[in-house]
Structures are given as C-alpha cells and as structure tokens.
Amino acid sequence: RRYLDLDDRLLTLKLTPNRADCLSLTGIAREVAALTGAPVVYPEVKPVAVSNTARREIRLDAPDACPIYCGRVISKVNAKAPTPEWMKRRIERSGLRSISALVDITNYVMLELGQPLHAFDNAKLSGAIHARMAKPGEQLLLLNEQTIPVDADVLMIADDQKPLAMAGIMGGEESGITLETTELFLESAYFAPTAIA
C-alpha cells in the first residue's frame, strides 16, 4: 500500500444538480470556507507570456447557449511526454482515466478549478470555430468511437467544414489529440446549463 501510495483519504460527495460549483477542489474549498469561516487559499496562477501569434477566429452562432468561448493556439507541444505519476494518480482517484499528458492536463485543471477545457488538434481544424446548434441530419464520431446522430437542440462546436464536439459533453474523434499532435487549440468556454442538460 505504501509503495503504490494507496494510504490516502477518499471523500465521496453526492451533489444535487444545482451545486455544480462544488464539482472542483476550489469549489469545495469555497464551500468549506463559507461554512467554517476558514480562509480560502487559491492555487497560484502565473501568467505566461504570449509567444505564438497564430490565431483562430471564433464565432458565437448560438449566443444564448454559449455566450463566452475563448481559445488559444499552442504550438510545439510534445504529445508523447508522459503524464507525471502524481497527476495521473490524482486524476484516477477522482474517477477519470489517464489518457495522455495533454488531455490529462485539461482534466486536472477542470478538477482543480472547475473550468472545463478541451484540446483540439489544431492541424485537423478548418477555418473558424463555431459554437452553434446542430444541423439537421448531422452526425458526430465521438472520442469513445461511437457515431451518433445529433438532435437540432444540441449545442455543437464545429469548424467551417465539420462538427468537432458536443459542447460541454464530449469531443469528436476526428479533431482529438493524438500522440502525433504538435499544435493544439485549447478551448475554454461557458455553456448555458440548460443547453448542456
């Protein structure tokens, strides 16, 4: 148990749907602080200087469902770098499976700060990124390798040519990160809860 670092405490929280603010460590810390009066210590986030001028246009075609969508092109990434063991353990103990360092980092940030992120392989994208409702008859090959028909009331992330992801739910296989990815487009957005539900 010591060798595998299994002597750990596990807290299981059962939340009602209106308490999504407690789905992250930061959210839990805020709640504990509100109940106990203890101070909240937030993770230190140091700004990183912009060194890449590559940009991708973003269009909010369904602003009621997605009023905020931000993205950044990040170049010269090493998709073959291993996820550090400490991060892999924390992700897996939180109920997610470790996939690759680039994907694991986005999941770790979501678990820590409560801000979902999604990484697309930038080389697989065409033109602008659209936050839009699904088109009639549209289908999407998901990261779990299932192809699904998408209803018209589903919020989608797409480029100029194809759907990329079901917003806030699951990414698409065709734009996903692989071990060959060298440049990614990192998404951070706010999706209206009613659009995701």
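Our subject is the structure listed above.
Residues numbered from 1 in each chain as written. Predicted model: local features only at pLDDT ≥ 70, side-chain atom pairs only at ≥ 80, totals over all residues. Heavy atoms only, no water.

1. A short note on the sheet that holds strand S8 (residues 163-166)
- The five strands are arranged S1-S4-S7-S8-S9 in an open sheet whose pairing can be described as mixed. The open sheet terminates on both sides in strands that have one partner only, identified here as strand S1 (58-60) and strand S9 (170-171).
- Both strand S7 (residues 155-158) and S8 contribute to a ladder of three bridges, which runs antiparallel. Paired with Met 156 across the strands is Met 166, a residue of S8. (Pairing = 2+ DSSP bridges. Helix = DSSP H or I, 4+ residues; strand = E, 2+ residues; numbered from the N terminus.)

2. Quick word on the packing of aromatic side chains
- Enumeration over the complete set of coordinates arrives at two aromatic pairs.
- Ring centres of Trp 86 and Tyr 108 lie 5.5 Å apart, and the angle between their planes is 90°; this geometry places the pair in the edge-to-face category. Placement of the pair is Trp 86 in helix H2 (residues 85-93) and Tyr 108 in helix H3 (residues 101-113), with a sequence separation of 22 residues.
- Overall, Tyr 108 belongs to the buried group, its relative accessible area being 14%.
- Ring geometry for Phe 120 and Phe 185: centres 6.4 Å apart, planes at 35°, overall tilted. Taken together, the positions of Phe 120 in strand S3 (residues 117-121) and Phe 185 in strand S10 (residues 184-190) put the pair 65 residues apart, joining distant regions of the chain. Neither Phe 120 nor Phe 185 differs from the other in exposure class; each is buried. (Phe/Tyr/Trp six-rings, centres within 6.5 Å; stacked < 30°, edge-to-face > 60°. Buried < 20%, exposed > 50% of the residue type's maximum accessible area, 1.4 Å probe, protein only.)

3. Quick look at the pattern of salt bridges
- All told, the structure shown has seven salt bridges when counted by the stated rule.
- The salt bridge partner of Glu 85 is Lys 88, with a shortest N-O separation of 3.6 Å. Here the residue Glu 85 and the residue Lys 88 both occupy positions in helix H2, the gap between them amounting to three residues, near one helical turn.
- Exposure remark for Glu 85: the relative accessible area of 48% places this residue in the partly exposed category.
- By relative accessible area, Lys 88 is classed as partly exposed at 25%.
- The partner of Asp 159 in a salt bridge is Lys 162, with the nearest N and O atoms 2.6 Å apart. Lys 162 matches Asp 159 in its accessibility class, with the two residues each being buried.
- Salt bridges sharing partners connect three or more residues here, namely Arg 19, Asp 21 and Glu 31. (Salt bridge = Lys/Arg side-chain N within 4 Å of Asp/Glu carboxyl O.)

4. Some words on the layout of surface pockets
- Considering only enclosed or pocket space, the second largest pocket measures out at about 620 Å³ in volume.
- Around the second largest pocket, the lining comprises 21 residues; the ones closest to its centre are Val 48, Ala 49, Arg 72, Ile 74 and Leu 186.
- Among the elements of the structure, strand S2 (68-74), H3 and S10 are those that each provide at least two residues to the lining of the second largest pocket.
- When residues in the lining of the second largest pocket are grouped by element, the largest group, five residues, is from S2. (1 Å grid on protein atoms, 1.4 Å probe; cavity = no way out; pocket = protein on both sides within 12 Å on 5 of 7 lines; lining within 4 Å. Points joined across faces, edges and corners; volume = space filled by probe spheres on them.)

5. Remarks on the pairing of S7
- Here S7 shows no split at all, with Leu 155 and Ile 157 on one side and Met 156 and Ala 158 on the other all buried.
- With four bridges connecting them, strand S4 (residues 129-133) and S7 associate as antiparallel partners. Counted as the bridge partner of His 130 is Ala 158 from S7.
- Where S7 folds back on S8, the antiparallel hairpin that results is connected by four residues.

6. A short note on unusual backbone geometry
- Positive phi is not limited to glycine here, since Lys 76 has a value of about 60°.
- Inspection of the secondary structure assignment puts Lys 76 in the loop between S2 and H2.
- Its identity is not glycine, yet Glu 145 carries a phi of approximately 70°, on the positive side.
- Here Glu 145 lies in the loop between strand S5 (139-141) and strand S6 (147-149).
- Judged by its relative accessible area of 63%, Glu 145 falls in the exposed class.

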